[in-house]
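Tertiary structure, described
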Amino acid sequence: MEPPAFALTQEAVVKLDGPVAKAGEVEKIFTDLGFFFCRVDCAGLGGKGEFITAVGTGFGFSGVDAHNWDSLEDSLGSLPCFRKAAGYAAVLSNFSGLPPGELALFEEVVRDAAAALWRNYSLRLKVVLLKPEKSSRK
Amino acid sequence: MKKTKAALLSLSVVLFSSVFSFSQQVNEISSPSLDNIASEAASAFSLSAELNVREKLSAGLPLPLPENSDRAQQSITPLIEDPLRVKCILKLINDIYAGVHLPFKEDGQIFSNKEKILPPQAAGYYREYTLIVPTQYPGTVVVGGVTYQVPPSLSKRGPERMVIGGGKTIYYSPDHYKSFIEIQVVNS
């Protein structure tokens, strides 16, 4: 089966909702492509510092590799210096607690890192933001 | 990018040499108008070189070191209390300014300064470079009397970076963009 379009485009930040927006399905899409994949659950994170640490931990960075926006961007843009893969992807959920300005900055960090990764290594970085799901329980 | 600029400069030299050579040949049959052409070509070359310098500076790219710089006598201010690390920093700076090919693809790319720890500047003003130090180095470095932690990184590039602003202002970051120390290369 062909992977969905969002997995193949150059757009680094993808926002999904609806039935396809299940972390497990997203993971299968990217692991089938040979990508390194991680899930980052942002529930209960206390702000920018904890958010950056959570994203960094997901990608396997140490504390010094991802402690602020500049270090996170540098590490994401040089992911092959950490581990080899056909590409790199993450799905983030429950991020609504992050201030909107910080989320916008995070998206900018991801886009700039993805551009560097593509320019230097011809590899893609994709971050999928799962929009909050409404309860489906009856 | 560097290769393109170098190629353009080489091309300018070749074109100028051709025009100059051609004008010399024709000057032998005394054609004053061709003197003007050679003169304009020389001016154009001079302007081209000047533009090249301006482009490099505005792009944040380092310019070549002055010819009178004496590498053997160089040291860094403020004092970094680790002679071997100083040696690594000086080598990197000299390599950057000499246009030596650096080992990582990220070397020389734009540092975006998103945290605004460095003074805000136009996009592309800052460039980043990987400072490689042998792994047996201590986990701290003392710069100007202040102790900085150099925590272990899981990246092959390590945690230490040099950032150059506007092709001339040099910063050393021992802890992956948490701290920036402006340094200067001086002759000791």
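Figured I'd write up the structure that's included with this text.

Calculation rules
Residues numbered from 1 in each chain as written. Chains lettered and ligands numbered in written order. Predicted model: local features only at pLDDT ≥ 70, side-chain atom pairs only at ≥ 80, totals over all residues. Heavy atoms only, no water. Helix = DSSP H or I, 4+ residues; strand = E, 2+ residues; numbered from the N terminus. Buried < 20%, exposed > 50% of the residue type's maximum accessible area, 1.4 Å probe, protein only. Contact = heavy atoms within 4.5 Å. Pairing = 2+ DSSP bridges. Axes fitted to C-alpha atoms, helices over the stretch in contact; angles between N-to-C directions. Phe/Tyr/Trp six-rings, centres within 6.5 Å; stacked < 30°, edge-to-face > 60°.

1. With respect to the overall build of chain B
A tally of regular secondary structure across chain B gives 3 helices and 7 strands. Walking chain B from its N terminus toward its C terminus, one meets helices and strands in the order α-α-β-α-β-β-β-β-β-β. Across the 188 residues in chain B, those meeting the buried criterion constitute 42%. Of all intrachain contacts in chain B linking residues separated by at least 6 positions in sequence, the fraction that spans at least 24 positions is 62%.

2. Side note on the sheet that holds strand β3 (residues 88–93) of chain A
Residue and element names in this part refer to chain A. Spatially, the 4 strands line up as an open sheet ordered β1-β4-β3-β2, and their pairing is parallel. Two strands lie at the open edges of the sheet, namely β1 (13–16) and β2 (36–41), each paired on one side alone. With strand direction ignored, the average angle separating the axes of adjacent strands in the sheet is 20 degrees. As paired strands, β3 and strand β4 (residues 125–130) are joined by 5 bridges and run parallel to one another. Across the sheet, residue Tyr 88 finds its bridge partner in β4, namely Leu 125. Packed on one face of the sheet, helix α3 (residues 48–58) meets β2 and β3 and runs near 150 degrees to β2.

3. A look at unusual backbone geometry
Residue Pro 78 of chain B follows Thr 77 of chain B across a cis peptide bond; omega there is 0 degrees. Take Pro 78 of chain B: it is sitting in the loop between β1 (74–77) and α3 (83–98). The residue Asn 94 of chain A is not glycine, and still its phi comes out positive at about 55 degrees. The topology assignment puts Asn 94 of chain A in the loop between β3 and α5 (100–121). Even without being a glycine, Asn 113 of chain B presents a positive backbone phi close to 55 degrees.

4. Re the packing of aromatic side chains
The description of an aromatic ring pair uses the distance of the two centres, along with the angle that the planes make with each other. Residue and element names in this part refer to chain A. Counting across every chain of the model gives 14 aromatic pairs over all chains. Taking the centre distance of 4.6 Å and the plane angle of 50 degrees together, the rings of Phe 61 and Phe 82 count as tilted. Taken together, the positions of Phe 61 in the loop between α3 and α4 (69–77) and Phe 82 in the loop between α4 and β3 put the pair 21 residues apart, joining distant regions of the chain. Summarising the burial analysis for this pair, Phe 61 and Phe 82 share the class buried.

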